[in-house]
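Coordinate analysis (summary)
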Amino acid sequence: LDPLLEPLLQKAVFKAGSVNMIRLGDSSVEYNKDFQFFLTTKLPNPHYSPEICVQVTLLNFMVTPDGLQDQMLGILVAAEEPEVEKKRQNLVIE
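Residues numbered from 1 in each chain as written. Predicted model: local features only at pLDDT ≥ 70, side-chain atom pairs only at ≥ 80, totals over all residues. Heavy atoms only, no water.

Overall, the coordinates contain two salt bridges when judged by the stated rule. Across the pair arginine 88 and glutamate 85 runs a salt bridge, and its minimum N-O distance is 2.7 Å. Of the two residues, arginine 88 and glutamate 85 both sit in helix H4 (residues 82-93), three residues apart, roughly one turn of that helix. Residue classification places arginine 88 among the partly exposed positions, given a relative accessible area of 42%. In this structure glutamate 85 comes out as buried when scored by relative accessible area, which is 7%. (Salt bridge = Lys/Arg side-chain N within 4 Å of Asp/Glu carboxyl O. Helix = DSSP H or I, 4+ residues; strand = E, 2+ residues; numbered from the N terminus. Buried < 20%, exposed > 50% of the residue type's maximum accessible area, 1.4 Å probe, protein only.)

In structure tokens form, the structure reads like this:
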């Protein structure tokens, strides 16, 4: 990741008068406490350093063929045989 993002990841916020500010590069910008930063990648298996991993929350939304097949089968069974799908859901809960 770009070192320019480091203050943002660390939430290095400081007060300038009554306004929260954050330094990005050579400039300071106003910081909103409700700001959220999302970063995506097209890499199939990205690797981040341990330092980055402790600063962020990593989510893996990768869809596997088996997982997609299970989801599609569940939708089909729920539409065609609702009783069977209810039994399957009860078994999963138990």
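This paragraph deals with the confidence of the model for the protein chain. Here the protein chain averages 87 in pLDDT, while 100% of its residues score no lower than 70. The spread of mean pLDDT over the elements of the protein chain runs between H4, the lowest at 84, and strand S1 (residues 13-16), the highest at 94. (pLDDT = per-residue confidence, 0-100.)

Our focus in this paragraph is a nonpolar patch on the surface. Residues Leu1, Phe35, Phe37 and Leu39 make up a contiguous nonpolar surface patch of roughly 380 Å² in combined accessible area. Positionally, leucine 1 belongs in the segment before helix H1 (6-10). (Patch = residues over 30% accessible without salt bridge, like charges linked within 9 Å, V, L, I, M, F, W, Y side chains within 5 Å. Areas by Shrake-Rupley, 256 points an atom, 1.4 Å probe, with all protein chains shown as cover.)

Okay, the packing of helix H3 (residues 65-80) against H4 next. At their nearest, the axes of H3 and H4 sit 5 Å apart, and the two run at 130° to each other. Between H3 and H4, the angle is such that the two are oblique. Of the residues in H4, those touching H3 at Gly74, Val77, Ala78, Ala79 and Glu80 are Pro82, Val84 and Glu85. Residue composition of the contact of H3 with H4, grouped by class: five nonpolar, one polar and two charged. (Axes fitted to C-alpha atoms, helices over the stretch in contact; angles between N-to-C directions. Parallel < 35°, antiparallel > 145°, perpendicular 65-115°, else oblique. Contact = heavy atoms within 4.5 Å. Nonpolar A, V, L, I, M, F, W, Y, C, P; charged D, E, K, R; others polar.)

Quick look at the pairing of S1 now. The pairing of S1 with strand S2 (residues 19-24) spans four bridges and is classified as antiparallel. Residue pairing in the sheet places alanine 16 in a bridge with valine 19 of S2. Count of turn residues in the S1/S2 antiparallel hairpin: two residues, of which glycine 17 carries a positive phi of about 75°. (Pairing = 2+ DSSP bridges.)

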